[in-house]
Amino acid sequence: MPQTKLDELSDQQKVKFYQKGTFTVGNRLVDPDKRDVQASQDRSNAITSGHRACQGCGEALGARFALDAAMRAADSKVIAVNATGCLEVFSTPYPETSWQLPWMHSLFGNAPAVATGVQAAMRAKGREDVRAIAQGGDGGTTDIGFGCLSGMFERNDDVLYICYDNEAYMNTGVQRSSATPPTARTATTPAVGDAPGNVFGTGKNVPLIALAHNIPYVATASVSNLHDLEAKVQKAMSLRGARYLHIFVPCPLGWGSAAEDTIKVARLASECGLFPLWEGELGVVTGSDPIRKKVPVEDYLKTQKRFAHLFKPERDEERLAALQRMADHNIERFDLLREDKEPAI
Amino acid sequence: MLKQIEGSRAVAEAVALCRPEVICAYPITPQTHIVEACGEFVKTGQLQNCEYVNVESEFAALSVAIGASAAGARTYTATASQGLLFMAEAVYNASGLGLPIVMTLGNRAIGAPINIWNDHSDAMSMRDAGWIMLFAETNQEALDLHIQAFRLAEQLSCPIMVCMDGFILTHAYERLEIPDQAAVDAFLPPFVPRQALDPADPYSIGAMVGPEAFTEVRYLAHDKQLQALEVIPEIHQSFKEQFGRESGGLFHTYQVEGAATVVVTMGSLAGTLKDAVDELAQEGPQVGVISLSCYRPFPRTELRHALEHARRVIVVEKAVAPGAGGVVSMDLRMALQGVDCYVKTVIAGLGGRPVTSPSLQSMLRRALKGELADLHFLDLNRGMVDRELARQRRGIATGPVAENLLKDAATHGAD
Ligand SMILES: Cc1ncc(C[n+]2csc(CCOP(=O)(O)OP(=O)(O)O)c2C)c(N)n1
Ligand code: SF4
Ligand SMILES: [Mg+2]
């Protein structure tokens, strides 16, 4: 195969090899073909170092893992389309770019449609080996880009859409989105008045809405379980048609959590039941990641200043109980406390 | 081949002859017949190697086009009116990214009040979006302009809107010359993109640009339009050589030489105007007609040259800028700075009101006598307007204007 610009770039990157945290040391113990993409020297570094994300940014981490896994699955033949948002802004400050793959930013609300266009072009050219990925934040996905997303699903266009859910409009300074949890403080749901923070709405569970489109694959994932995240990307890339991956990515700046706690915060979100990890195919939930050690929601909430008003000046028992009910409902719905608690590597 | 054919279908045939690789469609009157025919051509195999994407909105239509074009595919879409506004953000995006998408605009009024009939307010709403904007005078020209548009768009890496009057052109059946595939292939080379999303050579497209280079990016967009002023006449010439007929160019002139009074217009109105000035010439001086086929870039120097000897320029336009006047007139006044003539604006044909030769003739008679106001609304029903103004003077909560006028028309007749 001829040496491409991409090969050259990844050659240059090979020297950079970081030791990873405790949970991935175990890599050496698993079968070589099940090892993390990130643990390999020839990972593609789709989003390379030098970008401007905040310290501890879950979105930067999630994007790197997801895209490197996708690149491996598609033999590096991936085109990424990005919605406006933190990921877009911190990765491409003029005149620099972090992207080592063909990448395009068009608008805030149209990434799914632009990716459909990319995919249609590839099909017309007989280049179906080149895969299209669209990605955006929760605002770009669950709010302004929702129409385009649903259209892309319904047509079953051959696009993998990845939502990086940090539960608010971070790029514009932490405003509420339809993915912001009830009670959370944002710049547009301030922690003042009788019911400080975000309202209790009905919720908008976009992974379940995606599932209701009967598309080939839907999954939720989290930066707390990067191995699972990679496996889900790989699974998604092994299928054709519309696929949706919703990744939980804490935002230390917007959530008021410690930069070094990103993984911990994400893990607590899943272990308390507020962010269940599950996957589904063709309209049916096919699996979920059982909770290993159940914790009450407040263990999770207490890690973040956006929920501080639930505990101070006095405990807001009523709303804490309501949040616990949300978590318990998820646990029941996805059967997260069942007996087979072995993580499915 | 000569064919008795509807304007929309003829445009679809022309588009198919240009071998687009991706077509995005969302229906809106009066554009529907164009995208329906395109879909049919893809399904029957008349148009091969083409993906036809039925999208969920115009915003998605142009967004899909943006993705396809950025990935190096020749891309086409069509819309009108509300659809163009619904895709507004993507309209600016496509030109900002320099993507050579060709889009037909079946010109239609913008609501409220909702109105499906022809005028140019949709096109005018996007006049500064950085697209090249061409206007067809006839269906033959509409067909021909699409073939030219792909070549022009791809040569300059700039999107193009081909405007054709809704219903008046889109739904009119006429005998048209449909070129053969070999001739179109000879005229239109395969698309070689300036930039393309390609895993073998990865670019980042659409990155943020701050104050340090934004002015330069915009200047280059302006410069591209100026280049178009040179390329359009070249393509016009080469089209004439290939197909043996005149279509496109910057503008068409009719009896302008030596005329002290010249009417400037765009689109299908030119035909009626030529008839009107011809009839008028039997009783008075010959009035000239210029119809712009290229509105953006605005051919300032060329128009100035063509209108050098005119003393009265009357712009008949199918859109109004409320509180300001006529949009094309404003552009033209800029072009004619220093030329010893006045420019009057006539707003005509809004929301599909027929623009008739007798109306135009009586307007021109007044113009020739120097009696035309600077801003004149052709065939305005003054009584209807005055009665509504009187109602509004009597009280604040007078109800919806559109409904009042409809009631008024029912009682007083349309006068
Ligand atoms: C049409 C439009 N509306 C609003 C904006 C402003 N805007 C840019 S990014 C952004 C927030 C992005 O939030 P999200 O999608 O959740 O991504 P995050 O930054 O949180 O990763 C907003 C509101 C815009 N660029 N375009
Ligand atoms: S604001 Fe949040 S999402 Fe944005 S870069 Fe910082 S940590 Fe990441
Ligand atoms: Mg967000």
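Everything discussed here concerns the structure shown above.
The sections below set out a description of the structure shown in this document. Bear in mind the structure is a predicted one, so any value in this text is a computation, not a measurement.

As a further point, take the sheet that holds strand 6 (residues 132-135) of chain B. Residue and element names in this part refer to chain B. Read across the sheet, 7 strands follow the order 3-2-4-5-7-6-13 without closing on themselves; strand pairing throughout is mixed. Since the sheet does not close on itself, it has two edges, and those belong to strand 3 (51-54) and strand 13 (294-296), each with one partner. The sheet shows a mean angle of 20° between the axes of neighbouring strands, direction not considered. Two elements, strand 4 (residues 75-79) and strand 5 (residues 102-107), share 4 bridges in a ladder whose sense is parallel. By the bridge assignment, Thr79 is partnered in strand 5 with Leu105.

Residue and element names in this part refer to chain B. Counting buried residues along helix 1 (residues 7-17), 10 of its 11 residues qualify, which places the element largely inside the surrounding structure. All buried positions along helix 1 are accounted for by Gly7, Ser8, Ala10, Val11, Ala12, Glu13, Ala14, Val15, Ala16 and Leu17. Arg19 occupies a position one or two residues after helix 1 and carries a positive phi of about 55°.

What follows covers the site of ligand 2. Residues and elements named next belong to chain A. Surrounding ligand 2, one finds Ala53, Cys54, Cys57, Cys86, Phe90, Asn166, Cys251, Pro252 and Leu253. Elements that contribute at least two residues to the shell around ligand 2 include exactly helix 4 (86-91) and helix 10 (252-255). Classifying every residue of the shell around ligand 2 by side-chain character gives 8 nonpolar, 1 polar and no charged.

This brings us to the nonpolar core. In terms of nonpolar packing, the biggest core is built from 150 residues, with A:Tyr244, B:Tyr76, B:Tyr295 and B:Val313 touching the most fellow members. Excluding residues that lie within four positions of it along the chain, B:Val313 makes contacts with B:Val262, B:Val264, B:Leu307, B:Leu332, B:Leu336, B:Cys341, B:Tyr342, B:Val343 and B:Lys344. Of all hydrophobic cores here, the second largest spans 62 residues; its members include A:Leu87, A:Val233, A:Cys272 and A:Leu323.

This next bit is on the coordination of the magnesium ion (ligand 3). All names here are of chain A. At the metal site, the magnesium ion (ligand 3) is ligated by Asp138 (OD), Asn166 (OD1) and Ala168 (O), and these contacts range over 2.0 to 2.1 Å. Each donor residue of the magnesium ion (ligand 3) belongs to the same chain, and together they define the spacing D-x27-N-x1-A. Pair noted here: Asp138 is in helix 6 (residues 138-143) and Asn166 is in the loop between strand 4 (159-165) and helix 8 (206-211), with a separation of 28 residues, a long-range link. With respect to burial, Asp138 and Asn166 carry one shared label: buried.

Position of B:Glu21 relative to the elements: it lies in the loop between helix 1 and strand 2 (22-25). If near-sequence neighbours (up to four positions away) are discounted, B:Glu21 is found in contact with A:Ala124, A:Lys125, B:Asn49, B:Cys50, B:Glu51, B:Gly72, B:Ala73 and B:Arg74.

The rules behind the values
Residues numbered from 1 in each chain as written. Chains lettered and ligands numbered in written order. Predicted model: local features only at pLDDT ≥ 70, side-chain atom pairs only at ≥ 80, totals over all residues. Heavy atoms only, no water. Pairing = 2+ DSSP bridges. Helix = DSSP H or I, 4+ residues; strand = E, 2+ residues; numbered from the N terminus. Axes fitted to C-alpha atoms, helices over the stretch in contact; angles between N-to-C directions. Buried < 20%, exposed > 50% of the residue type's maximum accessible area, 1.4 Å probe, protein only. Near = heavy atom within 4 Å. Nonpolar A, V, L, I, M, F, W, Y, C, P; charged D, E, K, R; others polar. Core = buried A, V, L, I, M, F, W, Y, C linked by side-chain atoms within 4.5 Å. Contact = heavy atoms within 4.5 Å. Donors = N, O, S within 2.8 Å, 3.2 Å for Na, K, Ca; no water.

All quantities given are derived from atomic positions and should not be read as evidence of function.
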